[in-house]
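Survey of secondary and tertiary structure
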Amino acid sequence: MTKRTILIQIDPDPQPSVFDRVVALDAGADEVFSYGGVQREQVRNLVHGAIFTRGPQDLRRTALFIGGSDVSVGEALLQEALRHMLPQFGLRVSVMLDANGANTTAAAAVRSAARHLDLAQTTALVLGGTGPVGQRVARLLARRGAEVRIGSRQPARAQAAVEAIRRKVPEARVQPAPSDLSAALAGCQLAIAAGAAGVLLLPLAARRACPTLRVVVDLNAVPPLGIEGIDVADKATERDGVIAYGAIGVGGIKMKIHKAAIARLFERNDLVLDAEEIDALGEGG
Amino acid sequence: MTKRTILIQIDPDPQPSVFDRVVALDAGADEVFSYGGVQREQVRNLVHGAIFTRGPQDLRRTALFIGGSDVSVGEALLQEALRHMLPQFGLRVSVMLDANGANTTAAAAVRSAARHLDLAQTTALVLGGTGPVGQRVARLLARRGAEVRIGSRQPARAQAAVEAIRRKVPEARVQPAPSDLSAALAGCQLAIAAGAAGVLLLPLAARRACPTLRVVVDLNAVPPLGIEGIDVADKATERDGVIAYGAIGVGGIKMKIHKAAIARLFERNDLVLDAEEIDALGEGG
Amino acid sequence: MTKRTILIQIDPDPQPSVFDRVVALDAGADEVFSYGGVQREQVRNLVHGAIFTRGPQDLRRTALFIGGSDVSVGEALLQEALRHMLPQFGLRVSVMLDANGANTTAAAAVRSAARHLDLAQTTALVLGGTGPVGQRVARLLARRGAEVRIGSRQPARAQAAVEAIRRKVPEARVQPAPSDLSAALAGCQLAIAAGAAGVLLLPLAARRACPTLRVVVDLNAVPPLGIEGIDVADKATERDGVIAYGAIGVGGIKMKIHKAAIARLFERNDLVLDAEEIDALGEGG
């Protein structure tokens, strides 16, 4: 009898996400084991339970999903999970990280822009570029060859984000954005807003004053939006001469990427799906 | 591929009820997501996870069940859940409340009585009528046209319960029962005991002294029963000239109503199944 | 419609074991209800939810599994669960105890030895024989007629273990092992090491000095092993003239016994599967 596919949902929040659980089922997982309030020291037993129960030929039918609302906590749990795999004995299972939806959201934003722009020829401003989603957006853009400017109200944080990206993507063309918005936008074809909810990052006047701008993507779903004059449901909608995407418009693409990533987990037992790997899936989907 | 039906069990008790979980599966839910120790402030995320993951045509395949041992906590969680639906965008899922089994028990008690009496022509005494089950029994009887007397050792609580019922059912014929038991029973065809476990509310002598009485229903499963001289397993059993139901006798009807209500949740995405709606289901079943 | 089989996993550890959950599914349980952090006073409600939801003809399709990392806590939860069954009304479900894998591990160790030895004609030394696994190994050997010596660094604990076994198996031939290892081994055909991880209990020299020894079984998976000179993956492997089993070698047999026990739970509604019952299953498998 073919063994059922099992996704082990590891969530540091007190109640494991309903969102992640529904998407896992709809992506085809037969069973979801949902763990909430997961502490780092509990990860070892969860991983051992995954790798010691099925034979090597069936290990691809068990996988881990690391979620929760805090991306840095999720990253620590991912490292901890990898530490307890035993690849030298073939004892490992695939893992996906999507804390706060950061990886699938960043991949969806970049893929939306790539529908309209040749990213290798694009200059992009990432507003709110030092947060977990913004950093991932900037990294994915840089990896695809774009010239990237990271906007932040705190120059030191922008510089730190730039250095973090360069460590992961040595060939990256990335730098802090000038603090003056019109200078930051000058020559850009793409602006993506990944800031905190309810903070306006790109006023309509600034947008209109930038003649090179062709695509804007706003990842904030709660009004007021980060980019003035567009709608949360915009999906390749023309707004004042630019192509606009709002958070809900990007959401459909995000959901497809999320489901494709879950399905991918069960094809092999040695995958680690973080931002880049999820973005790569997106390209084929 | 047809999406699996999902029931999200929201339970404020530390361990989510096995009872509710088994019944949900046996009623046909494909998957049950069980959440225990749910705090009011956690409900928003649970609801958003339900309404933001599936398209409008599939939202009826996700539903919420609110349980737990405390009815007033359950009522507060229901209000909180409704507050986070977004009906203006069609984003909502159906919800059922059955904390402590109060709604299904009350509906089962009333339906048992209705097998033998024309409730619109009935005068009923509800003993223990100020507790969560008793109030629901009284309300359902009043809505079906019965003249209802609410028994309680504390007249102020009986008066408060009467007023609460009148707010929900303006046409209700309901009043506090006289404190003297023979006066309270005078002219009644029906007596339902919904008091605390182990408290005798209707002695055999008082029952025999009431010539109009035709049906008695006792909802207490733990001896001593609330109605003297009947058995917990009585189901339309004749006892001293009246038709008697004990808690286990009512239990089979309660289980049918519970399962019918769960199945009903997955027919539409806009139902709120509280006492009245569950009672209405019972009529057809 | 046939009701789905449900295994209710009762685990006192904060996160219910992934291992037990995967094995339960792979053994054929349709659904696993996983409860973590279970306190003794919560067991009553879990049991009542199991026995009050399905009719007598379907009760065998619900069962309990008691796990967790602490065997004595598991034993207490088993007693508590049995206390809340209502066999006088036919209201009970089957239960299996396998806290820390102790029962399935002990049964697998004994079955491994029985492949090579007539246990009724065997003298056996159980090193680390006072711990939860060691005591079970000794008890199962004694029940099968072996003469058993219980090794421990603390003579008082060995004596206590001997008495505990005699209470359960009055005909047992069991005694504390001499504190001198060569005396303890003298005349033994079998040595089983069930001590704490990383403690060497049987050095190679001592093993070689015992001419009667034919089979050794080491239940410790973490190097250094309890028995020097064998490998954790040994499975009936010859080592210096004896037949050796390491923890992983025993693990395959343990897994088969575990799955057979889970499947057995759903054949009747009145089983209590503790060490002896699980060992008996092993014989047939």
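Residues numbered from 1 in each chain as written. Chains lettered and ligands numbered in written order. Predicted model: local features only at pLDDT ≥ 70, side-chain atom pairs only at ≥ 80, totals over all residues. Heavy atoms only, no water.

Once that is clear, we can look at the relation of the copies chain C and chain B. Note on the copies: chain C fits chain B at an RMSD of 0.1 Å, the axial shift is 0.1 Å, and the rotation between them is 120°. What the rotation and shift describe, once combined, is the action of a three-fold rotation axis. (Least-squares fit on C-alpha atoms with pLDDT ≥ 70 in both.)

Now for the sheet that holds strand β12 (residues 272-273) of chain C. Residues and elements named next belong to chain C. Here five strands make up an open sheet; going across it, the order is β2-β1-β3-β4-β12 and the pairing parallel. The outermost strands of the open sheet, each flanked by one partner alone, are β2 (31-35) and β12. In terms of strand pairing, strand β1 (residues 6-10) meets strand β3 (residues 62-66) through five bridges, oriented parallel. From the neighbouring strand, Ile8 faces β3, where its bridge partner is Leu64. (Pairing = 2+ DSSP bridges. Helix = DSSP H or I, 4+ residues; strand = E, 2+ residues; numbered from the N terminus.)

The subject of this paragraph is the interface of chain C and chain A. Contacts between the two partners involve 16 residues from chain C and, on the opposite side, 19 residues from chain A. Across the chain C/chain A interface, buried area totals approximately 1,400 Å², and carbon plus sulfur atoms make up 58% of it. For the chain C face of the interface with chain A, the top three residues by lost area are C:Gln15, C:Val18 and C:Leu25, together amounting to 42%. At the surface where chain C touches chain A, the tally comes to one salt bridge. For the salt bridge of C:Asp26 with A:Arg54, the shortest nitrogen-to-oxygen distance reads 2.8 Å. Listed by contribution, the elements that provide at least two residues to the side of chain C that touches chain A are α1 (18-26) and α9 (247-265) of chain C. Looking at which element gives the most residues to the side of chain C that touches chain A, the answer is α1(C), with seven residues. (Contact = heavy atoms within 4.5 Å. Buried area = accessible area lost by both parts, 1.4 Å probe. Salt bridge = Lys/Arg side-chain N within 4 Å of Asp/Glu carboxyl O.)

So, on to the side chain of C:Arg54. With respect to the helices and strands, the residue C:Arg54 is situated in the loop between α2 (43-51) and β3. Within the structure, the side chain of C:Arg54 is placed 2.8 Å from the side chain of B:Asp26, a separation counted as a polar contact. Residue contacts for C:Arg54: discarding those within four places in its chain leaves B:Val22, B:Asp26, C:Lys3, C:Arg4, C:Ile6, C:Leu59, C:Arg61 and C:Thr62. (Polar contact = N/O pair within 3.5 Å; in protein donor to acceptor, adjacent residues only side chain to side chain.)

As a further point, take the packing of helix α4 (residues 102-114) of chain C against helix α5 (residues 132-143) of chain C. Residue and element names in this part refer to chain C. Between α4 and α5, the shortest axis-to-axis distance is 9 Å and the interhelical angle comes to 45°. Considering their axes alone, α4 and α5 lie oblique with respect to each other. Crossing of α4 against α5: the hand is right-handed. When α4 is examined against α5, the residues Ala102, Asn103, Thr105, Ala106, Ala107, Ala109 and Val110 are found in contact with a partner set consisting of Val133, Arg136, Val137, Leu140 and Leu141. Partitioned by chemical class, the residues of the contact of α4 with α5 number nine nonpolar, two polar and one charged. (Axes fitted to C-alpha atoms, helices over the stretch in contact; angles between N-to-C directions. Parallel < 35°, antiparallel > 145°, perpendicular 65-115°, else oblique. Left-handed = near helix turned anticlockwise from the far one by under 90°. Nonpolar A, V, L, I, M, F, W, Y, C, P; charged D, E, K, R; others polar.)

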